[in-house]
Amino acid sequence: MTHPLPQRLTPPDISGRAIAKLAGPIFVANIAIVGGGTIDTVMAGHLGADHLAAIALGLASMIMIFMGLVGILQGMSPIAGHHFGARRYEKIGFELSQCLWLAFFLCFIGMPLLGCTEIWTNLAQAMGPVKTMASQYLLISMVGLPAALGGRAFVSLNAAVSRPKVTMYVSLAMVVLKAPLNAIFMYGWFGFDAMGGAGAAVSSTILTWLSFFIYIAVWKKDPFYELMRCKRYYGPDLKAMWAQLKIGIPIGLSTFFEVSSFTLMAIFISRFGAVTVSAHQIVANITGLCYMLALAIGISCTVLVSQCLGAGWPSVAEKATKKCLTIAVVIATIVAISLFFGRGLFLSLYTNDETVIRIGYSLILFGILYHVFDAMQCVSAFALRGYRVTFWPMIIYGVMLWGVGLLGGYYIAFIGEPFTAPLAAYGFWGMTALGLFLAGVSLAFTALYVARIKTKEDAGEHQAEEAAH
């Protein structure tokens, strides 16, 4: 007697149009999120180099802590995406509840780190008004951390269930409110005390809490999530949280290596003076905005890969990985060329200081050189998250971005001998470019290798099933 082979679920659409439909809202949401930092940078830039340097230092320190903790929460995304692809909707709400518990517990790590302002200002050797404003920025940001982490749990969920437009609309609303709130607290509108650079943190904290409450309301009221919502209250479940942490901790460390290689670079570059760090901050913001395209494609790749695997189609997951990588490289090449020819215009939008523009004009060339490889490493790492392979990307990030980029950059910037004279900020940017090149190549090879192995394993299993029947 023969038995029918088990039927696999229909795989998600991985066409270019489907990728664009998923990546588009994610890109807009990311631009809106980074847009808040851009607004801070532009508004502080017109107050003077000290205010811009304070925001650069405060933002760099805050982002390094925040993104490392957010990375840990990303362990839920491939798990929820897998459940969504397998049509196990009821398990998604449970995973969200455990992710929110993790966010709560992570606050006990992040808030004290932000509160120890002396660590970050001493690393930068900041003094005077720059130190004062940067310290205020960090203390105010500490108040917003619980809402920031909780909100990111919902952002991860929305991406995993192909619902990125929720994040897009919330992020756009927040960025619309950012400039007016900045003006109130930075410039002292409507009778408020003018806080300068530190005022940017007040507006960010208010908007972070507002967005968190909006995400909760959408989750509870939107009919789309009805099948996913928990039927009862769940306290911390150690087994479920550990399952997320096994994926999330390497992601968190990878994110920490990636983000901190830039944020620590900003802190060390602060030692060269307010003008140099101002130029660095502007260039970092421009290249960060360009990176949002690759990030949107990368997040989409995680979603598609995890959903394909949940539906039992690793061969389609492999095709999605290759397609996302190809699209990212093509777009990154176009962006790099545009950035090269338009760099003078972009820099002039941020500041009128000729010295800052001159330094930025040179630094941005390094960003143009590494942009394609930055896109490669981003999409490849996110594809591997969909496959729940997070250990090796962590190792690659640690070696390439910290070992080559940050430590190598520190050596070339401050020592240089016997290879060269100390190159200051150029040493950091040059070695970062080399590190991202190596990371891009290594991670792309790893992602394509893992995708091929999973497809072969699945083909072997089906051949065995056919032989058994």
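Placed above this text is the structure.
In this report, the structure presented in the accompanying data block is examined.

Conventions adopted
- Residues numbered from 1 in each chain as written.
- Predicted model: local features only at pLDDT ≥ 70, side-chain atom pairs only at ≥ 80, totals over all residues.
- Heavy atoms only, no water.
- Helix = DSSP H or I, 4+ residues; strand = E, 2+ residues; numbered from the N terminus.
- Rg over C-alpha atoms; globule rule 2.2 N^0.38 Å.
- Contact = heavy atoms within 4.5 Å.
- Axes fitted to C-alpha atoms, helices over the stretch in contact; angles between N-to-C directions.
- Left-handed = near helix turned anticlockwise from the far one by under 90°.
- Nonpolar A, V, L, I, M, F, W, Y, C, P; charged D, E, K, R; others polar.
- Disulfide = S-S within 2.5 Å.
- Buried < 20%, exposed > 50% of the residue type's maximum accessible area, 1.4 Å probe, protein only.
- Polar contact = N/O pair within 3.5 Å; in protein donor to acceptor, adjacent residues only side chain to side chain.
- Phe/Tyr/Trp six-rings, centres within 6.5 Å; stacked < 30°, edge-to-face > 60°.
- Salt bridge = Lys/Arg side-chain N within 4 Å of Asp/Glu carboxyl O.
- Patch = residues over 30% accessible without salt bridge, like charges linked within 9 Å, V, L, I, M, F, W, Y side chains within 5 Å.
- Areas by Shrake-Rupley, 256 points an atom, 1.4 Å probe, with all protein chains shown as cover.
- Expected span 1.5 Å × (residues − 1).

**A closer look at the overall build of the chain**
Then comes step 1: Helices and strands together make up the secondary structure of the chain, namely 14 helices and zero strands.
Then comes step 2: Mapped from its N terminus to its C terminus, the chain presents α and β elements in the order α-α-α-α-α-α-α-α-α-α-α-α-α-α.
Then comes step 3: The C-alpha atoms of the chain give a radius of gyration of 23 Å, which matches the 23 Å a tight globule of 469 residues would have.
Then comes step 4: Dimensions of the chain, computed from C-alpha atoms along their principal axes, come out at roughly 85 × 50 × 35 Å.
Then comes step 5: Pairs at least 24 residues apart make up 83% of the contacts formed inside the chain by residues separated by at least 6 positions.

**Here's the deal with the environment of Cys-107**
Then comes step 1: Take Cys-107: it is sitting in helix H4 (residues 90-115).
Then comes step 2: Here the alpha-carbon distance between Cys-107 and Phe-66, two residues 41 residues apart in the chain, equals 9.7 Å.
Then comes step 3: Not counting residues within four places of it along the chain, the set of residues in contact with Cys-107 comprises Pro-112, Leu-145, Pro-146 and Leu-149.

**What about the packing of helix H3 (residues 76-85) against helix H6 (residues 128-160)?**
Then comes step 1: Relative to each other, H3 and H6 sit at 35°, their axes nearing to 8 Å. The element H3 and its partner H6 pack so that their crossing is right-handed. Across the interface between the two elements, Met-76, Ser-77, Ala-80, Gly-81 and Phe-84 from H3 touch Ala-153, Ser-156, Leu-157 and Ala-160 from H6.
Then comes step 2: The residue inventory of the contact of H3 with H6, partitioned by class, reads six nonpolar, three polar and no charged.

**Focus on the state of the cysteines**
Then comes step 1: Going through the model one piece at a time under the given rule, you end up with zero disulfides.
Then comes step 2: No disulfide involves Cys-99; its nearest neighbouring cysteine sulfur is the one of Cys-107, lying 12 Å away.

**Notes on the side chain of Asp-40**
Then comes step 1: Locating Asp-40 in the fold gives a position in helix H1 (residues 16-45).
Then comes step 2: Classification of Asp-40 as buried rests on a relative accessible area of 2%.
Then comes step 3: A polar contact is formed between the side chain of Asp-40 and the side chain of Lys-178, at a distance of 3.2 Å.

**Considerations on the packing of aromatic side chains**
Then comes step 1: Under the counting rule described, the total for this entry stands at 31 aromatic pairs.
Then comes step 2: Between Trp-209 and Phe-213 the ring centres are 5.9 Å apart and the planes differ by 35°, which places this aromatic pair in the tilted class. In this pair, Trp-209 and Phe-213 both sit in helix H8 (residues 199-221), four residues apart, roughly one turn of the helix.
Then comes step 3: Relative to Tyr-410, the ring of Phe-268 has its centre 5.1 Å away and its plane inclined at 75°; by these criteria the two rings are edge-to-face. Placement of the pair is Phe-268 in helix H9 (residues 238-269) and Tyr-410 in helix H13 (residues 391-414), with a sequence separation of 142 residues.

**What to know about the pattern of salt bridges**
Then comes step 1: Overall, the coordinates contain five salt bridges when judged by the stated rule.
Then comes step 2: The partner of Lys-131 in a salt bridge is Glu-118, and the shortest N-O contact between them spans 3.5 Å. Of this pair, Lys-131 sits in helix H6 while Glu-118 sits in helix H5 (residues 117-123), placing them 13 residues apart in sequence.
Then comes step 3: Residue classification places Glu-118 among the partly exposed residues on the basis of a relative accessible area of 42%.
Then comes step 4: Measuring nitrogen to oxygen at the nearest pair gives 2.7 Å for the salt bridge that ties Arg-452 to Glu-318. One end of the pair, Arg-452, is in helix H14 (residues 425-468); the other, Glu-318, is in helix H11 (residues 314-348), and 134 residues separate them in sequence.

**Topic: a nonpolar patch on the surface**
Then comes step 1: There is a patch of nonpolar side chains on the surface, built from Leu-47, Tyr-187, Trp-189, Phe-190 and Phe-192 and spanning about 550 Å² of accessible area.
Then comes step 2: Looking at the secondary structure, you find Tyr-187 in the loop between helix H7 (164-186) and H8.

**Examining helix H2 (residues 49-73)**
Then comes step 1: Spanning 25 residues, H2 covers 35 Å between terminal C-alpha atoms, matching the ideal 36 Å at 1.5 Å per step.
Then comes step 2: Within H2, 21 of the 25 residues are buried, which leaves the element mostly enclosed by the surrounding structure.

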